Amino acid sequence: MRKIALALGIVLCLAAGQALAQRHELSAFGNWANLSGGGGTRDHDWDYSFFNLNYGYYFSQQLVGTLGYQRLNNVGSKNYDILEGGAKFYFGEFRQGNFLPFVDGAISLADFNGNDLGWRIGVGGAYMVTEKTSIDPYFTYMRLATGDSLRGHIFGFRFTTRF
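Residues numbered from 1 in each chain as written. Predicted model: local features only at pLDDT ≥ 70, side-chain atom pairs only at ≥ 80, totals over all residues. Heavy atoms only, no water.

A. Quick look at the overall build of the chain. Check the secondary structure of the chain and you find one helix and eight strands. Listing the helices and strands of the chain from first to last along the sequence gives α-β-β-β-β-β-β-β-β. Per-residue burial over the chain gives 39% buried out of 163 residues. Taking contacts inside the chain between residues at least 6 apart in sequence as the whole, the part at least 24 apart equals 51%. Carbon together with sulfur atoms contributes 63% to the accessible area of the chain, which is approximately 8,600 Å² in total. (Helix = DSSP H or I, 4+ residues; strand = E, 2+ residues; numbered from the N terminus. Buried < 20%, exposed > 50% of the residue type's maximum accessible area, 1.4 Å probe, protein only. Contact = heavy atoms within 4.5 Å. Areas by Shrake-Rupley, 256 points an atom, 1.4 Å probe, with all protein chains shown as cover.)

B. Molecular detail of the packing of aromatic side chains. Tallied over the entire structure, the rule returns ten aromatic pairs. Here W119 and Y141 contribute two aromatic rings whose centre-to-centre distance is 5.7 Å and whose plane-to-plane angle is 50°, an arrangement assigned as tilted. Here W119 is found in strand β6 (residues 116-128), whereas its partner Y141 is found in strand β7 (residues 133-144), with 22 residues between them in sequence. With relative accessibility at 36%, the residue W119 sits in the partly exposed group. Residue Y141 is classed as partly exposed on the basis of its relative accessible area of 22%. The ring centre of Y58 lies 4.6 Å from the NZ or CZ of R23, which sits over that ring. (Phe/Tyr/Trp six-rings, centres within 6.5 Å; stacked < 30°, edge-to-face > 60°. Lys NZ or Arg CZ within 6 Å of the ring centre and 35° of its normal.)

C. View of the nonpolar core. Ranked by internal contacts, the top residues of the largest apolar core, which has 23 residues, are Y48, L72, Y90, F112 and I154. Those elements giving two or more residues to this core turn out to be β1 (24-37), β2 (44-58), β3 (63-75), β4 (78-90), β5 (99-110), β6 and β7. Those residues in contact with Y90, other than ones at most four positions away along the chain, are E25, Y58, Q62, V64, L100, P101, F102, A126 and R162. (Core = buried A, V, L, I, M, F, W, Y, C linked by side-chain atoms within 4.5 Å.)

D. Focus on the pattern of salt bridges. Across all of its chains, the model carries seven salt bridges by this definition. With a closest N to O distance of 2.8 Å, E25 and K88 form a salt bridge. One end of the pair, E25, is in strand β1; the other, K88, is in strand β4, and 63 residues separate them in sequence. Overall, K88 belongs to the buried group, its relative accessible area being 2%. On the accessibility criterion, E25 (2% relative accessible area) is buried. It is possible to trace a salt-bridge network through shared partners that takes in E84, D104, R120 and R158. (Salt bridge = Lys/Arg side-chain N within 4 Å of Asp/Glu carboxyl O.)

E. Fine view of the side chain of D136. Looking at the secondary structure, you find D136 in strand β7. For the buried D136, no salt bridge exists, and the shortest N-O distance to an oppositely charged side chain is 4.4 Å, to R162. At a separation of 2.7 Å, a polar atom in the side chain of D136 contacts the side chain of S134. D136 has contacts with F102, G125, A126, Y127, G156, F157, R158, T160 and R162, leaving out every residue within four places of it along the chain. (Lys, Arg positive; Asp, Glu negative; His and termini not counted. Polar contact = N/O pair within 3.5 Å; in protein donor to acceptor, adjacent residues only side chain to side chain.)

F. The side chain of N54, seen in detail. Among the secondary structure elements, N54 is positioned in strand β2. Setting aside its immediate chain neighbours within four residues, N54 contacts E25, L26, S27, L67, G68, Y69, E84, R120 and R158.

G. A look at empty space enclosed by the protein. Evaluated as defined, the whole model comprises one cavity of 30 Å³ or more. Of the volumes computed, that of the largest cavity is approximately 120 Å³. Contributing to the lining of the largest cavity are 14 residues, with F50, Q70, E84, R120 and I154 lying nearest its centre. At the level of elements, β2, β4, β6, β7 and β8 (151-162) are the ones that each hand at least two residues to the lining of the largest cavity. When residues in the lining of the largest cavity are grouped by element, the largest group, three residues, is from β7. Considered class by class, the residues forming the lining of the largest cavity number seven nonpolar, four polar and three charged. (1 Å grid on protein atoms, 1.4 Å probe; cavity = no way out; pocket = protein on both sides within 12 Å on 5 of 7 lines; lining within 4 Å. Points joined across faces, edges and corners; volume = space filled by probe spheres on them. Nonpolar A, V, L, I, M, F, W, Y, C, P; charged D, E, K, R; others polar.)

And the structure:
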């Protein structure tokens, strides 16, 4: 999983270096969440901390392709990594003081039980503190399609800058 994270980091750096004239965004967020999953004797109920770093490339004024890395800490007694690729769509104009609702979703690869496939879908909004920086409250639902059928809701705040 560390090799995949290193490769993702290299790709992000190369993409940013080659396309400086394009629009990009970089967002980070952390939160606390509660997830439950499993079945029968393998039931889970976890309180954990979560960190996410996303890179976005604007294909249009409102459509952003995203690549993300997530780290889950203290899930049971373990830590996990998740890589994801997805898209986000903003409604509105990027101007200071505006609130732009958005929808986003992604497909992910997690290392819970080897390589588990998952997905998430969410909604939120970007409150534009400046022309390029926003604070983004969001709500998302995630689910692993393989492994323990891990699923749950995540509430949080992103800090996003555009360049």
